[in-house]
Amino acid sequence: MAASDRVVLGPLVGSIDQGTSSTRFLVFNAKTAELLSHHQVEIKQKFPKEGWVEQDPKEILQSVYECVEKTCEKLNQLSIDITNIKAVGVSNQRETTVVWDKTTGEPLYNAIVWLDLRTQPTVERLLKIIPGQNKSFFKTKTGLPLSTYFSAVKLRWLLDNVEEIKQAVRDGRAMFGTIDSWLIWSLTGGKNGGVHCTDVTNASRTMLFNIHSLKWDSELCHFFDVPMEILPKVRSSSEIYGLMKSGALTGVPISGCLGDQSAALVGQMCFKDGQAKNTYGTGCFLLCNTGQKPVLSEHGLLTTVAYKLGRDKPVCYALEGSVAIAGAVVRWLRDNLGIVKSSSEVEKLAAEVGTSYGCYFVPAFSGLYAPYWEPSARGIICGLTQFTNKNHIAFAALEAVCFQTREILDAMNKDCGIPLSELQVDGGMTNNKILMQLQADILCIQVVKPSMPETTALGAAMAAGAAEGVGVWSLNPGDLTAVTWERFEPQINPEESEYRYGRWKKAVMKSMGWEISEPQANGDSSIFSSLPLGFYIVSSMIMLIGAKYISGN
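What counts and how
- Residues numbered from 1 in each chain as written.
- Predicted model: local features only at pLDDT ≥ 70, side-chain atom pairs only at ≥ 80, totals over all residues.
- Heavy atoms only, no water.
- Helix = DSSP H or I, 4+ residues; strand = E, 2+ residues; numbered from the N terminus.
- Rg over C-alpha atoms; globule rule 2.2 N^0.38 Å.
- Buried < 20%, exposed > 50% of the residue type's maximum accessible area, 1.4 Å probe, protein only.
- Contact = heavy atoms within 4.5 Å.
- Areas by Shrake-Rupley, 256 points an atom, 1.4 Å probe, with all protein chains shown as cover.
- Lys, Arg positive; Asp, Glu negative; His and termini not counted.
- Charge placed at Lys NZ, Arg CZ, Asp CG, Glu CD.
- Disulfide = S-S within 2.5 Å.
- Salt bridge = Lys/Arg side-chain N within 4 Å of Asp/Glu carboxyl O.
- Core = buried A, V, L, I, M, F, W, Y, C linked by side-chain atoms within 4.5 Å.
- Pairing = 2+ DSSP bridges.
- Axes fitted to C-alpha atoms, helices over the stretch in contact; angles between N-to-C directions.
- pLDDT = per-residue confidence, 0-100.
- Phe/Tyr/Trp six-rings, centres within 6.5 Å; stacked < 30°, edge-to-face > 60°.
- Lys NZ or Arg CZ within 6 Å of the ring centre and 35° of its normal.
- Polar contact = N/O pair within 3.5 Å; in protein donor to acceptor, adjacent residues only side chain to side chain.

### Some words on the overall build of the chain
Phase 1 of the analysis: Counting its regular elements, the chain contains 16 helices and 23 strands.
Phase 2 of the analysis: A globule of 553 residues ought to have a C-alpha radius of gyration of about 24 Å, and the chain, at 25 Å, matches this closely.
Phase 3 of the analysis: Summarising its shape, the C-alpha atoms of the chain cover approximately 110 × 60 × 45 Å along the three principal directions.
Phase 4 of the analysis: Counting every position in the chain, which comprises 553 residues, the buried fraction comes to 58%.
Phase 5 of the analysis: The contacts of the chain with a sequence gap of at least 6 include a subset with a gap of at least 24, amounting to 72%.
Phase 6 of the analysis: When the accessible surface of the chain is totalled, it reaches about 23100 Å², and 54% of it is carbon and sulfur.
Phase 7 of the analysis: Between the mean site of the 52 positive side-chain charges and the mean site of the 56 negative ones, the chain shows a separation of 2 Å.

Dropping the structure here:
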């Protein structure tokens, strides 16, 4: 194609959006924020044992390469010149933990995904050495409770259990990172000079990072027994980290990096104190910008770094409510129960009945996150009758996402003191109109969805385009593109909403305390598995019955 035939659009910015379920590469016009093209690849999740969730870091990296190349091919077909792509941003699933060999470039174990529960015994062991066994002991430094959710305990498990990692640490070959670090290191050269870094938003999800000093904390690293030399360098969310070293975008700077939920906050343009957004992805994440001052929650929320959009720019913080299972419950209905063939069918099933018929679904597959932080909880479905069918269960699954959002919104309103009058939403699940209407009904406030829902990728693109040395995207409030919205108003009365929410809370209570962290090694929990103990209990029962019989006569 002749150069004269190409469409001139001005500067473009690419965005790698690496999520739990899929990887995507999207290209935006830096002047209008218009999405020009994208490509998506689904990522496999591995479940080697109950509660374990892993992914292959090499598959994740390959999916990025594939998405970049395919998107560039699509742009060429549209006569759009890819040499106009001036920068690339990275948005990623947070907390997911990778350790790799810097001499070979090979991962030393699968990535342990944020949802993974194998570290519960590690958490309990660490709790025993904390004064008062207080889960919130490190919250003043990290903003986080001690939980299986965060990277430090996943890294501790790898250091304890994987011989290849132990040896690589001894040899000085090991590198640790969340998915952003693994991708940036690999894309900027890998074993041949790759840049080992992370940004403040991802670092703030590790439990090794002091959110006030914005540095790795030596006391935290000592507590978790993590060698500081394996940690990436912490950078701002908007600066040039390095250049792409292969593929269609060779030489293009990677200049933006944000954990996915921070990226969505930026993409929704929540730059003022009190502005909030809720992202419906694999999990559900409600973030409220609290400005340059971190606010510690008294109602089960997390304090996290929202963004730092430049080396010399101020850091901003957010309160966050994290729900483990949102879109994942739809995937479970499809892959585990087989009641739908595609995720989109769930909306159709729910619409056919318009009610759960008293059925309540608590999808606590990985315990309960905010505001409970209860790892012993497990998923339950309550209120089943002979009338209940798959349509009611599909409706209850969608309602569960909305009830969980209500719980974290209630906690956020208490912490902030000013109730939100509307909720800005984004993420793949927001295409489900039944879900969005249910959300408005259950919250009793307006739910507003941007017409361009790819706000996570947009946020990473904005950070990359605005970086010093790139400068193609202005973040000045007057220059930001006006957003058009689709609005959902509550359609039920508050009394009905409260009644349904009360029933949901009752179901949540019933989901707790199901799991014990260390089951019997042989899987037999029967008291009679020990013969002497069995004889003792049986003989005691016989003596007790005999005594009652004699006293009765």
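Still more ground to cover, so stick around.
### Quick word on the state of the cysteines
Phase 1 of the analysis: Summed over the entire model, instances satisfying the criterion amount to 0 disulfides.
Phase 2 of the analysis: Cysteine cysteine 72 is unpaired, with the sulfur of cysteine 67 as its nearest cysteine sulfur at 11 Å.
Phase 3 of the analysis: Of all cysteine sulfurs in the structure, the one in cysteine 197 sits closest to cysteine 257, which takes part in no disulfide; the separation is 6.7 Å.

### Details of the pattern of salt bridges
Phase 1 of the analysis: All chains considered together, the criterion is met by 32 salt bridges.
Phase 2 of the analysis: Between arginine 94 and aspartate 260 there is a salt bridge, with the nearest N and O atoms lying 3.4 Å from each other. Residue arginine 94 is located in the loop between strand S5 (85–92) and strand S6 (97–101), and its partner aspartate 260 is located in helix H9 (residues 260–267); the two are separated by 166 residues in the primary sequence.
Phase 3 of the analysis: You can call aspartate 260 buried: its relative accessible area is 14%.
Phase 4 of the analysis: One salt bridge connects glutamate 422 with arginine 487, and the closest N-O pair in it is separated by 3.5 Å. Placement of the pair is glutamate 422 in strand S21 (residues 422–426) and arginine 487 in strand S23 (residues 485–488), with a sequence separation of 65 residues.

### Focus: the nonpolar core
Phase 1 of the analysis: Counting residues in hydrophobic clusters, the biggest one holds 139 residues, and the most contacted among them are Leu146, Leu208, Phe224, Tyr280 and Trp473.
Phase 2 of the analysis: Looking at this core, the element that brings in the most residues is helix H12 (residues 390–416), giving 14 residues.
Phase 3 of the analysis: Filtering out sequence-adjacent residues up to four positions away, leucine 208 remains in contact with Ala152, Leu155, Lys215, Trp216, Asp217, Leu220, Cys221, Phe224, Val226 and Leu231.
Phase 4 of the analysis: Among the nonpolar cores identified, the runner-up in size contains 36 residues, and Phe25, Ile43, Ile80 and Leu183 belong to it.

### Points about unusual backbone geometry
Phase 1 of the analysis: Look at the link from alanine 370 to proline 371: it is a cis peptide, with omega at 0°.
Phase 2 of the analysis: Along the chain, the position of proline 371 falls in the loop between strand S19 (360–362) and strand S20 (380–382).
Phase 3 of the analysis: Phi at aspartate 225 is positive, roughly 55°, even though this residue is not glycine.
Phase 4 of the analysis: With respect to the secondary-structure elements, aspartate 225 resides in the loop between helix H8 (218–223) and strand S12 (233–235).
Phase 5 of the analysis: In this structure aspartate 225 comes out as exposed when scored by relative accessible area, which is 52%.
Phase 6 of the analysis: Its identity is not glycine, yet methionine 269 carries a phi of approximately 60°, on the positive side.
Phase 7 of the analysis: Position of methionine 269 among the secondary structure elements: in the loop between H9 and strand S15 (276–280).

### Remarks on the sheet that holds strand S14 (residues 253–259)
Phase 1 of the analysis: Ordered by their spatial adjacency, 6 strands build an open sheet running S3-S2-S1-S5-S14-S13, and the pairing between neighbours is mixed. In this open sheet, the two edge strands, each paired with only one partner strand, are strand S3 (35–42) and strand S13 (238–243). Averaged over all neighbouring strand pairs, the angle between strand axes comes to 25°, with direction disregarded.
Phase 2 of the analysis: Of the pairings in the sheet, the one linking strand S1 (residues 12–18) to S5 comprises 7 bridges and is parallel in character. Paired with aspartate 17 across the bridge in S5 is serine 91.
Phase 3 of the analysis: Packed onto the sheet, H9 meets S5 and S14 and runs at close to 100° relative to S14.

### Some points on the sheet that holds strand S18 (residues 316–323)
Phase 1 of the analysis: Pairing is mixed across the open sheet formed by 7 strands, whose spatial order is S17-S18-S16-S15-S21-S22-S23. The open sheet has two edge strands, strand S17 (302–307) and S23, and neither has a second partner. Across the sheet, the mean angle from the axis of one strand to that of its neighbour is 30°, orientation sign disregarded.
Phase 2 of the analysis: In this structure, S17 lies alongside S18, joined through 5 bridges in antiparallel fashion. In the strand pairing of S18, tyrosine 307 is matched with cysteine 316.
Phase 3 of the analysis: Of the strands in this sheet, S15, S21, strand S22 (446–450) and S23 are in contact with helix H13 (residues 433–443), which crosses S23 at around 55°.

### Some words on the confidence of the model for the chain
Note that predicted coordinates carrying low pLDDT should not be read in detail.
Phase 1 of the analysis: When pLDDT is averaged along the chain, the result is 88, and 91% of the positions lie at 70 or above.
Phase 2 of the analysis: Between residues 519–553, whose pLDDT stays under 50, and residues either more than four places distant or in other chains, the model counts 7 contacts.

### Examining the packing of aromatic side chains
Phase 1 of the analysis: With the rule as written, the count across this model stands at 26 aromatic pairs.
Phase 2 of the analysis: Each ring, one from phenylalanine 403 and one from tryptophan 504, has its centre 5.3 Å from the other, and the planes form 20°; the classification is stacked. Of this pair, phenylalanine 403 sits in helix H12 while tryptophan 504 sits in helix H15 (residues 494–511); the two residues are 101 residues apart in sequence, bridging distant segments of the chain. Assigned by exposure class, phenylalanine 403 and tryptophan 504 land together as buried.
Phase 3 of the analysis: Taken together, Trp114, Tyr149, Phe150, Phe285, Tyr369 and Trp373 form an aromatic cluster joined through their ring pairs.
Phase 4 of the analysis: One Lys or Arg, arginine 94, reaches over the ring of phenylalanine 285 and ends 5.3 Å from the middle of that ring.

### A closer look at the side chain of threonine 96
Phase 1 of the analysis: As for its placement among the helices and strands, threonine 96 is situated in the loop between S5 and S6.
Phase 2 of the analysis: Of note is the side chain of threonine 96, whose polar atom sits 3.1 Å from the backbone nitrogen of tryptophan 114.
Phase 3 of the analysis: Residues contacting threonine 96, with those up to four places away along its chain left out, are Ala111, Ile112, Val113, Trp114, Gly177, Thr178 and Ile179.

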